Amino acid sequence: MITANVGDIVEFGDMKGKVEKVNENSVIVDITINDSFDEHEMFEKTVVNHKRYKIISEA
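Residues numbered from 1 in each chain as written. Predicted model: local features only at pLDDT ≥ 70, side-chain atom pairs only at ≥ 80, totals over all residues. Heavy atoms only, no water.

Is there a simple way to think about the overall build of the chain in this case?
Along the backbone of the chain there are zero helices and five strands. When the helices and strands of the chain are read in sequence order from the N terminus, they spell out β-β-β-β-β. Relative to the 2.2 N^0.38 estimate, which gives 10 Å for 59 residues, the radius of gyration of the chain is 11 Å and therefore close to what a compact globule would have. Along the longest, intermediate and shortest principal axes, the C-alpha atoms of the chain span 35 × 20 × 20 Å. Going through the 59 residues of the chain one by one, you find that 32% of them count as buried. In the chain, once contacts between residues fewer than 6 apart in sequence are set aside, the share between residues at least 24 apart is 38%. When the 7 basic and 12 acidic side-chain charges of the chain are each reduced to a single mean position, those positions are 8 Å apart. (Helix = DSSP H or I, 4+ residues; strand = E, 2+ residues; numbered from the N terminus. Rg over C-alpha atoms; globule rule 2.2 N^0.38 Å. Buried < 20%, exposed > 50% of the residue type's maximum accessible area, 1.4 Å probe, protein only. Contact = heavy atoms within 4.5 Å. Lys, Arg positive; Asp, Glu negative; His and termini not counted. Charge placed at Lys NZ, Arg CZ, Asp CG, Glu CD.)

Following this line, the structure appears as structure tokens:
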């Protein structure tokens, strides 16, 4: 399994996020880069398991 690095853009579900931290089993991503991001409805960051994302752009 290829894991993302800090600064990579990953896709999970119908969302995209920029990797801010890599953990043993997951990454923490900033999802404010999404056009559909609503700061009143969503948190700025989320945790995504390594098995649940696809790298779409490397840093």
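Would you explain the pairing of strand S3 (residues 26-30) in this entry?
Successive residues of a regular strand alternate their side chains across the two faces of the sheet. Where burial is concerned, most of S3 is hidden: four out of the five residues are buried. Direction of pairing for strand S2 (residues 15-22) relative to S3: antiparallel, over a ladder of four bridges. Bridged to Lys18 within S3 is Asp30. Linking two consecutive strands that pair antiparallel, namely S2 and S3, is a turn of three residues. The sheet contact formed by S3 and strand S4 (residues 45-49) spans five bridges and is antiparallel. Directly across from Asp30, in S4, lies its bridge partner Lys45. (Pairing = 2+ DSSP bridges.)

Which parts of the structure should I look at to understand the sheet that holds S3?
Sheets are built from strands paired through backbone hydrogen bonds, the pairs being either parallel or antiparallel. Ordered in space as S4-S3-S2-S1-S5, the five strands form an open sheet in which the pairing is antiparallel. Taken across any chain shown, the strands that pair with only one partner, and hence form the sheet edges, are S4 and strand S5 (54-57). Going from strand to strand, the sheet's axes swing by 45 degrees on average, the running direction of each strand aside. (Axes fitted to C-alpha atoms, helices over the stretch in contact; angles between N-to-C directions.)

Explanation requested: the pattern of salt bridges in the structure shown.
If the charged atoms of two oppositely charged side chains come close together, the side chains can form a pair. Under the counting rule described, the total for this entry stands at one salt bridge. Residue Lys45 pairs with Glu20 through a salt bridge whose shortest N-O separation is 3.5 Å. Of this pair, Lys45 sits in strand S4 while Glu20 sits in strand S2; the two residues are 25 residues apart in sequence, bridging distant segments of the chain. Classification of Lys45 by relative accessible area gives partly exposed; the value is 41%. (Salt bridge = Lys/Arg side-chain N within 4 Å of Asp/Glu carboxyl O.)

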